[in-house]
Amino acid sequence: MRQLLPLWSLIVATGCGSTEEQPMTMPAIDWGTTTETEETDQTETDQSETDPSGTDPSDGGCVGNFIVLTESDLAEVEGCKIIVGSLDIGYGNAAPHLDANDQRNFTSLTNLDALSDLTEVTGDLFIGQNGELTSVSLDKLTRVGGILVSAYNTKLESFSFDSLVSIEGFTGMAVSLVVYENPVLTSISFEKLSNCAGRFGIANNQSLQTIALDNISSLGDYGWLEIYGNESLQDVSFNGVTNMQVLMIEANPALESVSFSGLTNLGYTGEEYGGFAMIANNNALTVIDMSNLTHLGQAMFDENAALMSVSFDKLTTAQMIGFRKTQALKSLEFDSLTTAGRFVIYDNHELTSISLDALTEIYDTIAIAGNPALTTVSLESLTHIGGDI
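The written sequence of each chain sets the order in which its residues are numbered from 1. For this predicted model, a pLDDT threshold of at least 70 governs which residues receive local features, and a threshold of 80 or more governs which side-chain atom pairs are given and counted, while totals over whole chains, interfaces and linings are taken from all residues. To obtain the side-chain values, all non-hydrogen atoms of the structure were used and water was disregarded.

Talk me through the overall build of the protein chain; I want residue IDs and the actual numbers.
Looking only at helices and strands, one finds three helices and 34 strands in the protein chain. When checking whether two residues touch, look at their non-hydrogen atoms; a contact exists if any pair is within 4.5 Å. Long-range pairs, those at least 24 residues apart, make up 43% of the contacts in the protein chain with a sequence separation of at least 6. Each helix corresponds to a stretch of at least 4 residues labelled H or I by DSSP, and each strand to a stretch of at least 2 residues labelled E; elements are numbered beginning at the N terminus.

Talk me through the state of the cysteines; I want residue IDs and the actual numbers.
The disulfide criterion used throughout: a pair of cysteine sulfur atoms within 2.5 Å. Taken as a whole, this structure holds one disulfide when the rule is applied. Two residues share a disulfide in this structure: C62 and C80, whose sulfurs sit 2.0 Å from each other. The disulfide joining C62 to C80 has a torsion of about -95 degrees about its S-S bond and is therefore left-handed. With C62 in strand 1 (residues 61–63) and C80 in the loop between helix 2 (71–76) and strand 3 (82–84), the pair connects residues that are 18 residues apart, well separated along the chain.

Describe in detail the pairing of strand 17 (residues 224–228), supporting the description with residues and values.
In this scheme, a residue with accessible area under 20% of its type's maximum is buried, one over 50% is exposed, and one in between is partly exposed, where area comes from a 1.4 Å probe on protein chains only. Burial runs high along strand 17: five of the five residues are buried. Neither face of strand 17 is exposed, since W224, E226 and Y228 on one face and L225 and I227 on the opposite face are all buried. Sheet topology note: the strand 15 (residues 199–203)/strand 17 ladder contains five bridges and is parallel. Looking at strand 17, one finds that G201 is bridged to E226. Each pair of strands is called paired provided DSSP finds at least two bridges between the two strands. Direction of pairing for strand 17 relative to strand 20 (residues 246–250): parallel, over a ladder of five bridges.

Which residues make up the sheet that holds strand 5 (residues 120–121), and what values go with them?
Taking strand neighbours across the sheet as the criterion, the six strands line up as 1-3-5-8-11-14 in an open arrangement whose pairing is parallel. What marks the edges here is a single partner per strand, and that holds for strand 1 and strand 14 (195–196). Sheet analysis places strand 8 (residues 143–144) next to strand 11 (residues 166–167), joined by two bridges and oriented parallel. Bridged to R143 within strand 11 is S166.

Give me the lowdown on the side chain of R324, citing residues and values where you can.
Its location among the elements puts R324 in strand 27 (residues 317–324). You can call R324 buried: its relative accessible area is 10%. By the criterion applied in these results, polar contacts are pairs of N or O atoms within 3.5 Å in which, for protein atoms, one can donate a hydrogen and the other can accept it, and in which residues neighboring in sequence qualify only through two side-chain atoms. Side chain to side chain, R324 and D302 meet in a polar contact 2.8 Å long.

Talk me through the sheet that holds strand 24 (residues 287–289); I want residue IDs and the actual numbers.
Sheet architecture is open: five strands sit in the order 16-18-21-24-26, paired in parallel fashion. A strand with exactly one partner marks an edge of an open sheet, and here the two such strands are strand 16 (210–212) and strand 26 (309–311). Adjacent strand axes in the sheet meet at a mean angle of 5 degrees when their direction is disregarded. Where strand 18 (residues 235–237) lies against strand 21 (residues 257–259), three bridges are found, and the strand directions are parallel. Opposite S237, over in strand 21, you have S259 as the bridge partner. Note on geometry: axes are lines fitted to C-alpha atoms, helical ones only across the stretch in contact, with angles between N-to-C directions running from 0 to 180 degrees.

How would you summarise the confidence of the model for the protein chain if you had to cite specific residues and measurements?
Do not read the predicted coordinates in detail wherever pLDDT is low. Known as pLDDT, the predictor's confidence for each residue is given on a scale from 0 to 100. Summarising the model, the protein chain shows a mean pLDDT of 83, and 79% of its residues fall at 70 or more. Low pLDDT, under 50, characterises residues 1–54; the predicted model gives this stretch 102 contacts beyond four residues in sequence or across chains.

How would you sum up the environment of E157? Please name residues and give values.
For E157, the location among the structural elements is in the loop between strand 9 (148–151) and strand 10 (158–160). Once the C-alpha coordinates of E157 and V184 are considered, the two residues, 27 residues apart in sequence, prove to be 5.4 Å apart. If sequence neighbours within four positions are ignored, E157 has contacts with T134, V184, L185, T186 and S187.

How would you explain unusual backbone geometry if you had to name every residue and give the values?
A positive phi angle is found at N281, which is not glycine, with a value near 60 degrees. Along the chain, the position of N281 falls in the loop between strand 23 (276–280) and strand 24. Non-glycine residue E303 carries a positive phi angle of around 55 degrees. Summarising the element assignment, E303 is placed in the loop between strand 25 (295–302) and strand 26. The exposure class assigned to E303 is partly exposed, which follows from its relative accessible area of 23%.

Account for the pairing of strand 23, naming residues and giving values.
The element strand 23 is extensively covered by neighbouring structure, given that five of its five residues are classed as buried. Residue alternation in strand 23 divides its side chains into two sets, F276, M278 and A280 and A277 and I279, and both sets are buried. As paired strands, strand 20 and strand 23 are joined by five bridges and run parallel to one another. Note on strand 23: the bridge partner recorded for I249 is I279. When strand 23 meets strand 25, the two strands line up parallel, connected through five bridges. Bridging across to strand 25, A280 finds its partner in D302.

Go over the pattern of salt bridges with me, naming the residues and quoting the values.
For salt bridges, the criterion is a side-chain nitrogen of Lys or Arg within 4 Å of an Asp or Glu carboxyl oxygen. In this structure the tally under the stated criterion is seven salt bridges. When the shortest N-O distance is used, the salt bridge between D302 and R324 registers 2.8 Å. Note that D302 is positioned in strand 25 and R324 in strand 27, a separation of 22 residues in sequence. E350 serves as the salt-bridge partner of K330, at 3.6 Å between the closest nitrogen and oxygen. Of this pair, K330 sits in the loop between strand 27 and strand 28 (331–333) while E350 sits in the loop between strand 29 (339–346) and strand 30 (353–355); the two residues are 20 residues apart in sequence, bridging distant segments of the chain. Overlapping salt bridges, with partners in common, bring together E120, R143 and E168 in one network.

Here you go:
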């Protein structure tokens, strides 16, 4: 399983699971991070916008970059409604030289009740390396202007931001939301979250069972979602998202269903195909619903041994589609697909039929091999192929 480097760096190590040769290679993830200049500029901008009333202490405005490691630190931000700056709860971002495996580097905070009135953080919100915190519930918080991270909270069971509407991250390909290495976390709740610009990662939370973020409609101009290494995760649904550039769902052994029923564009920028999807090594996964998807960049479905159903009912164009070692899959149907680049279909032992009856053009190749039960490949409308079959 891939391991993230410490969250304060927000860099993901290269590599993609197994060291065995794979049929295609996807780009390694490199989480963006905010430079010191960007953080300063963000704080200065927000401070000027909220002056004078927003930063008036009597009005609940608190200006500064706050680090909360003790109860006395927490008392300093008690009653804050708006924090113009960043808020670090725990050691994770406050002291990057500390070892996340050393229990001495964890806070003893037990609750965040002092932040019950908080409605906005204009900069980053980090919650990391808290050894006694069992729940985080900031249900009045509506906006985070920077990054939201929860990581290395060893006893954290629930994570609730039910009024949060927007996590704005930073421009380009930087992170906006990370939920990482919270070993007993069973639930995350963002009931109103609709905008989460940038990159979104949920990884290595061993007890997390469900991710349902159906109100999110936008992941920004470069939407990037990665979900991996969550050992107990059973269901993933992002049914409100319509546009995404990168989707990676890997190594979630209990995952049974993935639903992106609102997604219409995956990996297509409007002028060219540049993004990709990798759904791989989810051994219990049986259903993938992308029934409204019309445009697809590159997509690889690899070693999902129990996968039985993939819905691409409205897909019309695709750059590349690959299926490998989906051992329970019996048929592939692309009823609306008219134009495609490449097809790679290998080692699917139960696959009996492939239907591509609307397909008129393949501008690269079709590679079909190692499917011992395959008896039917239907290409009734195909008039042009640029490569080999």
